Amino acid sequence: MPKPPPPQELPEDTVGQRIKKARLIKELNKKQLAKKAGMCDNTIIDYEKERYTPSVKNYVKLAEALDVKIDWLSDYDTLPKKTLGQKVKKCRLLKGWTQSELAQRAALDPTTISRIEQDKVTNPDSKTMKKLKHTLGKLM
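Let me begin by describing the structure that accompanies this report.

## Re the overall build of the protein chain
Part 1: Per the secondary structure count, the protein chain includes 9 helices and 0 strands.
Part 2: Its C-alpha atoms put the protein chain at 55 × 30 × 25 Å along the principal axes.
Part 3: A burial count over the protein chain gives 41% of its 140 residues as buried.
Part 4: The contacts in the protein chain between residues at least 6 apart in sequence include a share of 51% that link residues at least 24 apart.
Part 5: In the structure as shown, the protein chain presents an accessible area of about 8,600 Å², 49% of it carried by carbon and sulfur atoms.

In structure tokens, the structure reads:
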């Protein structure tokens, strides 16, 4: 019997359906996935039933536990990239970082990241842009 394709090749579904598909392909039950991801069983159940959406940190844990890419597991790849703020947010989320983590990695103030992502700062100075591009890389 042929082995099912890796989750990245499956058609797009809801976040809960992708979590469940990846879990089943890995032949894990909910309890095993919860343990592997460092979560409680009910959290996995709630995600699969679409009661809650995982946080950035939990997407990272789930992606690692299921050996899938965060952009496949989450719906972050569908976020818009029309404004600088949207681009920064999308890139940050696809890397699985919080605003604080991006700020720390880019040596910027967390408030600056927040204001950029809210499009309150639409034209940051060149030093800030250089730090963001260096930290976020080709995703920007």
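Moving on from the coordinates now.
## Some thoughts on the environment of Tyr76
Part 1: Of note, Tyr76 is situated in the loop between α5 (70-73) and α6 (84-94).
Part 2: Linking Tyr76 and Arg92, residues 16 residues apart in sequence, is a C-alpha distance of 9.6 Å.
Part 3: Not counting the four nearest positions on each side in its chain, Tyr76 is found in contact with Ser55, Val56, Tyr59, Ile70, Lys90, Leu93 and Leu94.

## Structural notes on the nonpolar core
Part 1: Ranked by size, the top nonpolar core spans 23 residues in total, and within it Ile19, Leu33, Leu62, Leu66, Val68, Leu73 and Tyr76 carry the most contacts.
Part 2: The dominant element in this core, judged by the number of residues it contributes, is helix α4 (residues 56-66), at 6 residues.
Part 3: Val88, Cys91, Ala106 and Leu108 belong to the second largest nonpolar core, which has 13 residues in total.

## Here's the deal with helix α8 (residues 110-117)
Part 1: For α8, the full list of buried residues reads Ile113, Ser114, Ile116 and Glu117. Taken end-on, α8 shows its buried residues confined to a sector of 165°, consistent with a single buried face.
Part 2: Where α8 is buried, its residues touch α6, α7 (99-106) and α9 (126-136).
Part 3: Capping of α8 at its N-terminal end is provided by Asp109; its side-chain oxygen lies 2.9 Å from the backbone amide nitrogen of Thr111.
Part 4: Directly beyond the C-terminal end of α8, a positive phi value near 60° is found at Asp119.

## Digging into unusual backbone geometry
Part 1: Positive phi, normally seen in glycine, also occurs at Asp67, with a value near 55°.
Part 2: When you line up the elements, Asp67 lands in the loop between α4 and α5.
Part 3: Exposure remark for Asp67: the relative accessible area of 58% places this residue in the exposed category.
Part 4: One non-glycine residue, Asp119, lies in positive phi territory at about 60°.

Calculation rules
- Residues numbered from 1 in each chain as written.
- Predicted model: local features only at pLDDT ≥ 70, side-chain atom pairs only at ≥ 80, totals over all residues.
- Heavy atoms only, no water.
- Helix = DSSP H or I, 4+ residues; strand = E, 2+ residues; numbered from the N terminus.
- Buried < 20%, exposed > 50% of the residue type's maximum accessible area, 1.4 Å probe, protein only.
- Contact = heavy atoms within 4.5 Å.
- Areas by Shrake-Rupley, 256 points an atom, 1.4 Å probe, with all protein chains shown as cover.
- Core = buried A, V, L, I, M, F, W, Y, C linked by side-chain atoms within 4.5 Å.
- Arc of directions from axis to C-beta.
- Polar contact = N/O pair within 3.5 Å; in protein donor to acceptor, adjacent residues only side chain to side chain.

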